[in-house]
Amino acid sequence: MRRANQIVAEVLQLMRERVAPGVTTAELDELAEAVIRGHDAIPSFKGYPPGSANPFPASICASVNDELVHGIPGPRVLQEGDIISVDVGAILDGYHGDAAVTLPVGQINAQVQKLMEVTEGSLYAGIAAARAGSRTGDISVAIQSYVEGRGYNVVREYTGHGIGREMHEDPQVPNYGKPGTGPQLRKGMTVALEPMVLAGDSCVRVLDDHWTVVSCDRNLTAHFEHTIAVTDGDADILSRL
Ligand code: MG
């Protein structure tokens, strides 16, 4: 699990270096896939879910501005002032890694910077609530209260998730909830936490490409994700470089 997640972390580090005005999201996808395959790992998003009529066609999700998650890489050229969520998954020796960051393209304004900081901060608030004996609802409420307390909204339709031999396993970890509810966390459980935050209303919809999730009001969105292992103390962040 740790090795799969370190490959994901390496891809996201490369994305930090390469995201810039003038770069296309397809170029980022090619770079990411080369890193993953260079480690003899498999890009888990590509062709997901197996057997579907509209499998995801790329190795990263590249979601720009009002695109919240699941954006398909393509000819779109990143512009100064954009923000882009890059989500990446890799399978190594049968185990999955999964993580995401939202990155600025060139200079962004202070308002946009704050949305990114609050979203990343809520991820760490969720991680701080994840320990053996607590419940998924404790993580959920930590994320939700962090976000809503700062004037933003969380998405309801998409959640964090258990991860291991499959990319999406039980338990689901919503970004909203109530303390003391949901499945109990046990030492050694591996979970992907992924706050998805909207500057405007929490309404989202899926575009005709069957994948890209956008905010209904087209306001900006941000997304951060880590895969963690639960311990008796602070969680072990497997996807941190
Ligand atoms: Mg995930």
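Just above sits the structure.
Residues numbered from 1 in each chain as written. Predicted model: local features only at pLDDT ≥ 70, side-chain atom pairs only at ≥ 80, totals over all residues. Heavy atoms only, no water.

**Student:** Please set out the packing of helix H1 (residues 2–18) against helix H2 (residues 25–38) residue by residue, giving values where relevant.
**Tutor:** One can describe the packing of H1 onto H2 by two numbers: an axis separation of 9 Å at closest approach and a directional angle of 150 degrees. For the element pair H1 and H2, the recorded crossing hand is right-handed. Contacts between H1 and H2 involve Ile7, Glu10, Val11, Leu14, Met15 and Arg18 from the first element and Leu28, Leu31, Ala32, Val35 and Ile36 from the second. Residues of the contact of H1 with H2, tallied by class, amount to 9 nonpolar, no polar and 2 charged. (Axes fitted to C-alpha atoms, helices over the stretch in contact; angles between N-to-C directions. Helix = DSSP H or I, 4+ residues; strand = E, 2+ residues; numbered from the N terminus. Left-handed = near helix turned anticlockwise from the far one by under 90°. Contact = heavy atoms within 4.5 Å. Nonpolar A, V, L, I, M, F, W, Y, C, P; charged D, E, K, R; others polar.)

**Student:** Now, about the packing of aromatic side chains: what can you tell me, with residues and values included?
**Tutor:** The geometry of an aromatic ring pair is captured by two quantities: the separation of the ring centres and the angle between the planes. Inspection of every chain in the model, using the stated rule, returns 1 aromatic pair. Ring geometry for Phe56 against Trp211: centres 5.2 Å apart, planes inclined by 85 degrees, an arrangement best described as edge-to-face. Taken together, the residues span a long stretch of sequence, with Phe56 in the loop between strand S1 (42–43) and strand S2 (60–64) and Trp211 in the loop between strand S11 (204–206) and strand S12 (213–215) at a distance of 155 residues. On the basis of relative accessibility, which here comes to 15%, the residue Trp211 falls in the buried class. (Phe/Tyr/Trp six-rings, centres within 6.5 Å; stacked < 30°, edge-to-face > 60°. Buried < 20%, exposed > 50% of the residue type's maximum accessible area, 1.4 Å probe, protein only.)

**Student:** Would you mind going over the coordination of the magnesium ion in detail, with residue names and values included?
**Tutor:** Within the protein, the atoms that donate to the magnesium ion are Asp98 (OD), His161 (NE2), Glu194 (OE) and Glu225 (OE), at distances of 2.1 to 2.4 Å. We note that the donor set of the magnesium ion lies within a single chain, spaced as D-x62-H-x32-E-x30-E. Taken as a pair, Glu194 in the loop between strand S9 (190–193) and strand S10 (196–198) and Glu225 in the loop between strand S13 (221–223) and strand S14 (226–229) lie far apart in primary sequence, 31 residues in all. Like Glu194, the residue Glu225 is buried in the burial classification. (Donors = N, O, S within 2.8 Å, 3.2 Å for Na, K, Ca; no water.)

**Student:** How would you sum up the sheet that holds S10? Please name residues and give values.
**Tutor:** Within a sheet, neighbouring strands are paired by backbone hydrogen bonds and run either parallel or antiparallel to one another. What the 3 strands build is an open sheet, ordered S6-S10-S13; its pairing is antiparallel. Looking at strand neighbours, the two that pair on one side only are strand S6 (153–154) and S13, the edges of this open sheet. Summarising the sheet, S10 and S13 pair through 3 bridges and their orientation is antiparallel. Paired with Val197 across the two strands is Ala222, which belongs to S13. Packed onto the sheet, helix H3 (residues 110–128) meets S10 and S13 and runs at close to 35 degrees relative to S13. (Pairing = 2+ DSSP bridges.)

**Student:** A description of H2 should follow, citing residues and the corresponding values.
**Tutor:** Taking 1.5 Å of rise per residue, the 14 residues of H2 would be expected to cover 20 Å, and the 20 Å separating its terminal C-alpha atoms lies within 8% of that figure. Residues Thr25, Leu28, Asp29, Ala32, Glu33, Val35 and Ile36 constitute the buried set of H2. The buried residues of H2 all sit within an arc of 160 degrees when viewed along its axis, so they share a single face. Away from its buried face by more than 90 degrees, H2 exposes Glu30 and Gly38. One or two positions beyond H2, positive phi appears at Asp40, with a value near 55 degrees. (Expected span 1.5 Å × (residues − 1). Arc of directions from axis to C-beta.)

**Student:** Give a detailed account of the side chain of Asp66, specifying residues and quantitative values.
**Tutor:** Checked against the element boundaries, Asp66 lands in the loop between S2 and strand S3 (67–69). Non-local contacts of Asp66, meaning those with residues more than four positions away in its chain, are made with Val213, Val214, Ser215, Arg218, Asn219, Leu220 and Thr221.

**Student:** I'd like a description of the nonpolar core, backed by residues and values.
**Tutor:** Counting residues in hydrophobic clusters, the biggest one holds 55 residues, and the most contacted among them are Met15, Leu28, Ile84, Ile139, Leu193 and Ile228. Within the residue set of this core, elements represented by two or more residues are H1, H2, S2, strand S4 (83–92), strand S5 (95–104), H3, helix H4 (136–148) and S9. By size, the runner-up hydrophobic cluster in this structure holds 7 residues, among which are Leu68, Val155, Leu198 and Val213. (Core = buried A, V, L, I, M, F, W, Y, C linked by side-chain atoms within 4.5 Å.)

**Student:** For the sheet that holds S11, give the residues involved together with the corresponding values.
**Tutor:** Read from one edge to the other, the open sheet built from 3 strands follows the order S3-S12-S11, with strand pairing classed as antiparallel. Only two strands of the sheet have a single neighbouring strand rather than two, namely S3 and S11. For this sheet, the mean angle separating the axes of adjacent strands, direction not counted, is 40 degrees. As paired elements, S11 and S12 share 3 bridges and run antiparallel to each other. Across the sheet, residue Val204 finds its bridge partner in S12, namely Ser215.

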